[in-house]
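Coordinate inspection notes
This is what each chain is made of:
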Amino acid sequence: MTFHPAMPYGTPDWHKSARKLADEGPPFEFTPENRRKLDEILTRYPADRRRSALLPALYLVQDQQGYVSGHAMTHVAEIIGCSRADVEDVVSYYVMFFTKPVGRHVLGVCRTLSCALNGAERLTEAIAGKLGIAPGETDPTGEFTLIEMECLGACDRAPVIMVNNEYWHECQGADDVDRLLETLRTRGVAGLTGCHHVKEK
Amino acid sequence: MRLAEPVLTAHVTEPNAHTLERYLEWGGYQAMLKALAQAPGEVIETVKQSGLRGRGGAGFPTGMKWGFVPKDVARPKYLCVNADESEPGTFKDHLLMERNPHLLFEGSVIACHSIGAKVAYIYIRGEFYHVQRVLEAELAKAYAEGYLGKNIRGTGVDCDIYVHRGAGAYEAGEESALLESLEGKRAQPRLRPPFPAVVGLYGCPTIINNVETIANVPLIFEKGPEWFASIGPEKNSGPKLYCISGHVARPGVYETSMDVTLRELVYDFAGGMKDGRALKAIIPGGSSVNVLTPDALDAQASFDGLVKAGSMLGSAAMMVMDETTDMVWLAANLTHFYKHESCGKCTPCREGSDWMYKVLQKILRGEGQLRDIDLLLSIADQIGGKTLCPFGDAEIAPVVSTIQHFRHEYEHYIREGRSLVPRAPWRGSGSLAHAH
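These notes cover the structure that comes with them. (Residues numbered from 1 in each chain as written. Chains lettered and ligands numbered in written order. Predicted model: local features only at pLDDT ≥ 70, side-chain atom pairs only at ≥ 80, totals over all residues. Heavy atoms only, no water.)

To continue, consider the overall build of chain B. Regarding its fold elements, chain B presents 16 helices and eight strands. Over its C-alpha trace chain B gives a radius of gyration of 22 Å, about what one expects of a compact globule, namely 22 Å for 436 residues. Overall size of chain B, expressed as C-alpha extent along the three principal axes, is 75 × 45 × 35 Å. A buried classification covers 64% of the 436 residues belonging to chain B. Contacts in chain B between residues at least 24 apart in sequence constitute 71% of all its contacts with a sequence separation of at least 6. Summed over its atoms, the accessible surface of chain B is roughly 14700 Å², and 53% of this surface lies on carbon and sulfur atoms. Across chain B, the 45 positively charged side chains and the 51 negatively charged ones have centroids separated by 4 Å. (Helix = DSSP H or I, 4+ residues; strand = E, 2+ residues; numbered from the N terminus. Rg over C-alpha atoms; globule rule 2.2 N^0.38 Å. Buried < 20%, exposed > 50% of the residue type's maximum accessible area, 1.4 Å probe, protein only. Contact = heavy atoms within 4.5 Å. Areas by Shrake-Rupley, 256 points an atom, 1.4 Å probe, with all protein chains shown as cover. Lys, Arg positive; Asp, Glu negative; His and termini not counted. Charge placed at Lys NZ, Arg CZ, Asp CG, Glu CD.)

Take a look at the structure:
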């Protein structure tokens, strides 16, 4: 560690690093269908480079059980042929893998500049207020998890929300949060606006 | 010469623009067949003549990059298309891939042919799942029609393209970190040399190009390198996509040539400022470049023009701020981004981004001291140029350039304990604690 002479070292929250161990979770094994999908994905990379399929494998885990548990990491490591530590190293690095169970709808609100200039902060506050939770938390009903994302790459339709890592919702105003939450509760992701680039104009 | 009409995005607003059927109607894949009939060396020469420079941020000449791949090695060679598009403010590749994916495939095959690669990976950011679905569906059609795979349209050339989805890491857009990620590891940069053109993916020669760079390649063969070189100013040739967002009336992706000025982009293309408010600042190339003030509006939005103006073209992501923007808040917003996204490999970047964020938060809370401004500059000085990848230089740009142009706002915060700019209506109440 290097030291800067003018930094207030010694304050309690200054320099903390902690190793968080993954929750082992229930026993995990891929469904035959997901296992088939993974075997197909493995053919895209050289035979001696199976580790390249690690991110796709973890997405399959998340599809199957909603998050990535410790048991799932061990299972993936065995199939890929790497160590459990290698898998944990990767899971803990990428923000799109959840290491704990999450709500039925994970709302990822973009917080970076272009969305912020168009009211993302108000939007996140409104959602947090309605659900009675802070970013990073799941509401008591288990319906919604709220997280803040960094730039999602659709800055012309700010503010942008990504739902469940896959579905998009654009131009969401803070004043209209009730409708968004109600739509998701009743109609699920079908009620989202989608990404405007996909839609034909 | 100014680009007469859009070419990369000519059809993007038409129904089913992304499909192979429509692409073929518009003469798609003819450029590829023309290029595959040439020897690899000739293809590289043609790209060099066009003057195409990489659209990912650095503006490195594409033909020259391809020429670095050693010719006489037995190892396989790879093309990696950088579709990680994570630079704040950038959404051009998003549009290209959604609405014109075959242009990307066509360019990829040409690039593979020129360097002797048989496989291309399109590394797409994890958040673009909806784009991945479009790409994979269209790839399947291109395979079925023989535009990809073995012996493409009887030319004897083989080329496979796979889409590889990342999982949320800005750093994966850095070329050597992208390779690490593609190998199933954390996206952290590698020490160079050796450069990826010699030792890249799986230790093999690898070229990494941005989506927009590759999408320009078929145009060079369709319309000729002379045409390409004639578009825009010298050494900054070809069509260019600009992403304009923030406080403008019509945010979006606009295609023109690099003889355009910042003023034209903001006031003509993007329809001027939203709600008639005054322009305060513009970030011309994604969050990693220096902030400019309205004085720079007449600068040419080209690689060289923006360097002259004291910033960079980067990924051509223009973020426009009006008079309601608190520039210290802006520096903190972007520093939060860098602190969150630092891959953690190099100490100056990992620790420095966190330090800068803490000092900025202290100023925003009204607890700053005047020496904190120099402290920020001192930390920045210990980050810039001292990291394995350009992330270090990127993360100091918002801090250093806002201090350079808006030092009085920092001083006001420190002296008065509050912002010089009244809290904007688009800001929240500040109840979300960003103490993480």
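Before going further, it helps to spend a moment on the overall build of chain A. Helix and strand content of chain A: seven helices and four strands. Taken over 201 residues, chain A has a buried fraction of 54%. When contacts within chain A are restricted to residue pairs at least 6 apart in sequence, those whose partners lie at least 24 apart make up 64%.

Between chain A and chain B, the residue contacts involve 60 residues of the former and 82 residues of the latter. Of the roughly 5900 Å² buried between chain A and chain B, counting both surfaces, carbon and sulfur atoms make up 57%. Arg-44 of chain A is the partner of Glu-136 of chain B in a salt bridge, and the nearest nitrogen-oxygen pair spans 3.8 Å. Seen at the junction of chain A and chain B, the total is 34 residue pairs in polar contact (both at pLDDT 80 or more). Residue assignment for the side of chain A that touches chain B shows that the elements contributing at least two residues are α2 (54-65), α4 (84-91), α5 (113-116), α6 (120-131) and β2 (144-149) of chain A. Among the residues making up the side of chain A that touches chain B, the classes are represented as 30 nonpolar, 14 polar and 16 charged. (Buried area = accessible area lost by both parts, 1.4 Å probe. Salt bridge = Lys/Arg side-chain N within 4 Å of Asp/Glu carboxyl O. Polar contact = N/O pair within 3.5 Å; in protein donor to acceptor, adjacent residues only side chain to side chain. Nonpolar A, V, L, I, M, F, W, Y, C, P; charged D, E, K, R; others polar.)

Residues and elements named next belong to chain B. Taken together, the four strands give an open sheet; going across it, the order is β3-β2-β1-β4, and neighbouring strands pair in parallel fashion. Strand pairing shows two members of the sheet lacking a second neighbour, β3 (160-165) and β4 (206-210), which therefore form its edges. Mean inter-strand twist for the sheet, computed between neighbouring axes without regard to direction, equals 20°. As paired elements, strand β1 (residues 78-83) and strand β2 (residues 119-124) share six bridges and run parallel to each other. Within β2, the position partnered with Val-81 by the bridge is Ile-122. (Pairing = 2+ DSSP bridges. Axes fitted to C-alpha atoms, helices over the stretch in contact; angles between N-to-C directions.)

Residue and element names in this part refer to chain B. Spatially, four strands are ordered β6-β5-β8-β7 in an open sheet, and the strand pairing comes out mixed. Two strands lie at the open edges of the sheet, namely β6 (252-257) and β7 (279-283), each paired on one side alone. Averaged over all adjacent pairs, the angle separating strand axes in this sheet is 30°, with direction ignored. Sheet analysis places strand β5 (residues 239-246) next to β6, joined by six bridges and oriented antiparallel. Residue pairing for β6: Cys-243 is matched across the bridge by Val-253. Here helix α5 (residues 92-99) sits on the sheet and contacts β5 and β6; the angle it forms with β5, its principal contact strand, is near 115°.

So, on to helix α7 (residues 129-144) of chain B. Here α7 of chain B contains 16 residues, and its C-alpha end-to-end distance of 23 Å stays within 8% of the 22 Å for a straight helix at 1.5 Å per residue. All of the buried residues along α7 of chain B are Tyr-129, His-130, Val-131, Gln-132, Val-134, Leu-135, Glu-138, Leu-139 and Ala-142 of chain B. In the core, the buried residues of α7 of chain B are packed alongside β4 (167-169) of chain A together with α1 (20-25), α5, α6 (101-115), β2 and β3 of chain B. Positive backbone phi, at 80°, marks Gly-146 of chain B, one or two positions downstream of α7 of chain B. (Expected span 1.5 Å × (residues − 1).)

Moving on to the packing of aromatic side chains. One pass over the structure, following the stated rule, counts 19 aromatic pairs over all chains. Between the aromatic rings of Tyr-338 of chain B and Phe-391 of chain B, the centroid separation amounts to 5.4 Å while the plane-to-plane angle is 85°, which identifies the pairing as edge-to-face. Here Tyr-338 of chain B, found in helix α13 (residues 327-341), pairs with Phe-391 of chain B, found in helix α16 (residues 391-416); they are 53 residues apart in sequence, far enough to count as distant. Taking the relative accessible area as the measure of exposure, Tyr-338 of chain B reaches 0% and is therefore buried. Phe-391 of chain B sits in the buried class, given a relative accessible area of 5%. Here the aromatic residues Tyr-45 of chain A together with Tyr-78, Tyr-121, Tyr-162 and Tyr-202 of chain B are joined through ring pairs into a cluster of three or more. Above the ring of Tyr-59 of chain A, the side-chain terminus of Arg-165 of chain B is found at 3.9 Å from the ring centroid. A cation sits over an aromatic face here: Lys-223 of chain B above Trp-227 of chain B, 5.4 Å from the ring centre. (Phe/Tyr/Trp six-rings, centres within 6.5 Å; stacked < 30°, edge-to-face > 60°. Lys NZ or Arg CZ within 6 Å of the ring centre and 35° of its normal.)

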